[in-house]
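# Breakdown of the fold
Letter by letter, the chains look like this.
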Amino acid sequence: MNSELFISENISTKYAVVVLPIAIRKNYTYAIPSNLLEKIKFGVRVEVSFGKNKLYAGIVKEIIDEAPNYKTKTIISVLDAEAIITSKQMKLWEWMSEYYCCSLGEIMYASLPSGLKLASETRVVLAPFYNENLDGQHLNDNEYLIAEALTLQHELKIEDIKKILNRKTIYPIIKKMLEKKIIFLFEELQEKYKVKTISCIQLKEPYLSDSTQLKKAFDLTQRSVKQQEALLALIQLNQKQKIIKKQDIYNLTQADSTVLKALEKKGIVELYKKEVSRLNGYEEDVTDAGELSKQQVTAIAEIEEKFKEKEVVLLHGVTGSGKTRVYIELMKKAIERGEQILYLLPEIALTTQIVHRLQKIFGNKIAVYHSRMNNNERVELWHAARKNKPILLGARSCMFLPFNRLKLIIVDEEHDPSFKQNDPAPRYNARDTAVFMSYLYQAKVILGTATPSLESYKNVVEKKYDVVYMKERFGGLELPEIIIADMKEASKKRLMKSHFTPTLLEELEAALERGEQAIIFQNRRGYSPSLICKSCGWKSECIHCDVSLTFHKYSNNLRCHYCGYREKIVEECPACANPHLDLKGFGTEKIEDELQVFFPNASIARMDWDTVKGKKSLAQLINNFEEKRIDILVGTQMVTKGLDFDNVGIVGILSADHLMCFPDFRANERAFQLMLQVSGRAGRKHKQGKVVIQTYQIQHPIIQEVLENNFTSFFKREISERKSFKYPPFKRMIKITLKHKKRNTVQQAAEYFGNELKIKYKKNIIGPAEPAIPRVRSFYLQDIIIKLDKNARQIQEVKNLIYQIQVSLHKTKGFSNVRIIIDVDPY
Ligand SMILES: [Zn+2]
Ligand SMILES: [Zn+2]
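Residues numbered from 1 in each chain as written. Chains lettered and ligands numbered in written order. Predicted model: local features only at pLDDT ≥ 70, side-chain atom pairs only at ≥ 80, totals over all residues. Heavy atoms only, no water.

Moving on, we get to the overall build of the protein chain. Helix and strand content of the protein chain: 26 helices and 33 strands. Taken across its 827 residues, the protein chain has 55% of its residues classed as buried. Counted over contacts in the protein chain with a minimum sequence separation of 6, partners at least 24 positions apart contribute 74%. When the accessible surface of the protein chain is split by element, carbon and sulfur atoms take 50% of a total near 38,700 Å². (Helix = DSSP H or I, 4+ residues; strand = E, 2+ residues; numbered from the N terminus. Buried < 20%, exposed > 50% of the residue type's maximum accessible area, 1.4 Å probe, protein only. Contact = heavy atoms within 4.5 Å. Areas by Shrake-Rupley, 256 points an atom, 1.4 Å probe, with all protein chains shown as cover.)

Turning to the coordination of the zinc ion (ligand 2), a few remarks are in order. The protein atoms donating to the zinc ion (ligand 2) are Cys542 (SG), Cys545 (SG), Cys560 (SG) and Cys563 (SG), with metal-donor distances spanning 2.3 to 2.4 Å. Given four donor atoms and angles of 105 to 113 degrees at the metal, the environment of the zinc ion (ligand 2) is assigned as tetrahedral. Between consecutive donors of the zinc ion (ligand 2), the numbers of intervening residues give the motif C-x2-C-x14-C-x2-C. Of this pair, Cys545 sits in the loop between strand E20 (530-533) and strand E21 (550-552) while Cys563 sits in the loop between strand E22 (557-559) and strand E23 (566-568); the two residues are 18 residues apart in sequence, bridging distant segments of the chain. (Donors = N, O, S within 2.8 Å, 3.2 Å for Na, K, Ca; no water. Tetrahedral: all angles 85-135°; square planar, octahedral: opposite > 155°, others 65-115°.)

Here we take up the pairing of strand E15 (residues 406-412). The buried count for E15 comes to six of seven residues, which makes it a mostly enclosed element. Note: strand E12 (residues 340-344) against E15, five bridges, orientation parallel. Bridge pairing in E15 links Ile341 to Leu408. In terms of strand pairing, E15 meets strand E16 (residues 444-449) through five bridges, oriented parallel. Across the sheet, residue Ile410 finds its bridge partner in E16, namely Ile446. (Pairing = 2+ DSSP bridges.)

What follows concerns the coordination of the zinc ion (ligand 1). For the zinc ion (ligand 1), every protein donor is listed as Cys533 (SG), Cys536 (SG), Cys573 (SG) and Cys576 (SG), and the spread of their distances is 2.3 Å. With four donor atoms in place around the zinc ion (ligand 1) and angles of 104 to 114 degrees between them, the coordination shape is tetrahedral. We classify Cys573 as buried; its relative accessible area is 1%.

Printed below as a string of structure tokens:
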């Protein structure tokens, strides 16, 4: 190979430690050839070979003088003139890698936009730590086939994929998989990113600044009507806008490019290309943020005061208290000081309303980072962050951008579980990482919420964070009236109509009659979560996972919500041929159907992942509801997040019991948060709204606490339970999941793993045990939970032990391909 030649001929005495985008927890050192010595510095990407014949673009972490004790390979080329990451980013990566037990490469892979990763048009490889169990990344059949083939063959040519799928057009599939980070393209170096330009036109001097000269221009063009038309249009546009696109002229006149070229030849106009940003340029006029209420003024002053002492302030404001307006004011002040702001939201797709509101105020000072951006846009955003774009707004991955002057981090809806990334690695919590970033950047953090997480509030109680309260709703509105509907009683008296209590139906009817809108919350999508045969007990089950298939009526099929597997609906029981199959349970689709029967004249819509898949459909749905074209909106927890409507008379929660009975120590906390958040959608601008909560357990403490909007009592009770049962936030948890296609193998491996841990930490280990869903995507699972005191030294010891056991397990015969997932602070 060429690199061998390199080594013998012109090697320097320096070495570079390089981070590679792989899941191995180790950095590799490469020799630096003399001719590249000048160019290689911290943060630039270099092309290196790894293993037998893989090529990677790695990032230089360090330059050292000493050779490692193994035979080094040589760096092949340098990709950047300047560092693409900052030293603070590298510190963040190192912290995350230590804390969340993953490799620097995995963080690098998650951080960099694909446009900055190595690319090729001809070979495809599986993402280095692609994981079949990717939450929310349901593979369709084609994607699954490719992924499966790649696990076996490591890399495939486009030609091979064509054969596997037996179809001509495969680029859209590949592109989709690239976007989902399941695969990437690979071969030789090639910068994908290109600057985007638009073709523009402008009057030349003297015509531009001296309008009296224009007559001359018209004289020059008098033989061509089209040229005169174009010229006239240009003059008119020139009065309104600075930049005139050629396209603008084409739109207004008959002119084409030959006409414009003729004008250029005559020296009347200048044609030029302008570099434009792909970032959503906000073109409407910016507006004023609006008056501040007395409560908001006080809150701002308090936050500023408390920031003098503390890095983190929790802004605990009831729903509708106007927290966003507080953030806006603090952001304005930060921008005046030349600072950068990172604004984190739970899920960007669900928060179009707030994004739009902020854009209206900050115009182009704000850049939005979202999953639907293409690679080029991501690269531009990356550079914009580096060049001090004032506000960077996005979901959790936005925190990986290269900031220069970051001084304020806002974590909006800090309680939201989507700040935690479950899969793939890094399995980090963005809220907690934001707190680390405050030390790294000397920045301040605001955690905003109406329903603080136990973790954050405990930190307030222990004076690690400070707190500011906003107890009133904006504009003096009252919090919604909460009505508990007793399902036990209603069913005893046979008053239930399907899933509805008379209370909920009456309140709904009354609200509709008053011309108000309604939101119905049911935390389960689809029609029915299972199809069963009552005569033989057969159940519709996924072939890859141990879960029942959900019936989706609209698409008339059965679907697995874990792996995306789909099946046609069966007409009769496949086991006993019984033609009468029963649907058990209910999801949003069924509720939508039934409501239509009770309220035939109402217009009803549904908001869940099935209805908002298209790029625009969610925005359209929200818009239709805002414009009152929808009377009743049925939705999953999507309806609890950040939506702000002004005509919702009633909110119905169909089954509080479903929320409270999850086998998870956070179930009560989640139930409390969800119920209060969805209640917060009721009422708003003009008058008090109502909330009807249906439950079989009216005496349940959570129900009572929601009824009284009593966070204090909820916190006291819940925190003492966590304490006595030794759960977070009192203990730290590390979850180890083992995966294998054979049940026996994974059981034995988990036993081995558990026993090794128990030698020293017997008291701290729970399991190994099969999780509630023992098989997902054809892999059998075993979980081991480790509970530890908050003792940094011990936690580090345990992490080291986990790595050691992992290595020895993989060396053990039969266990080499057992997958191990380490999740620190699991959710
Ligand atoms: Zn049957
Ligand atoms: Zn499945």
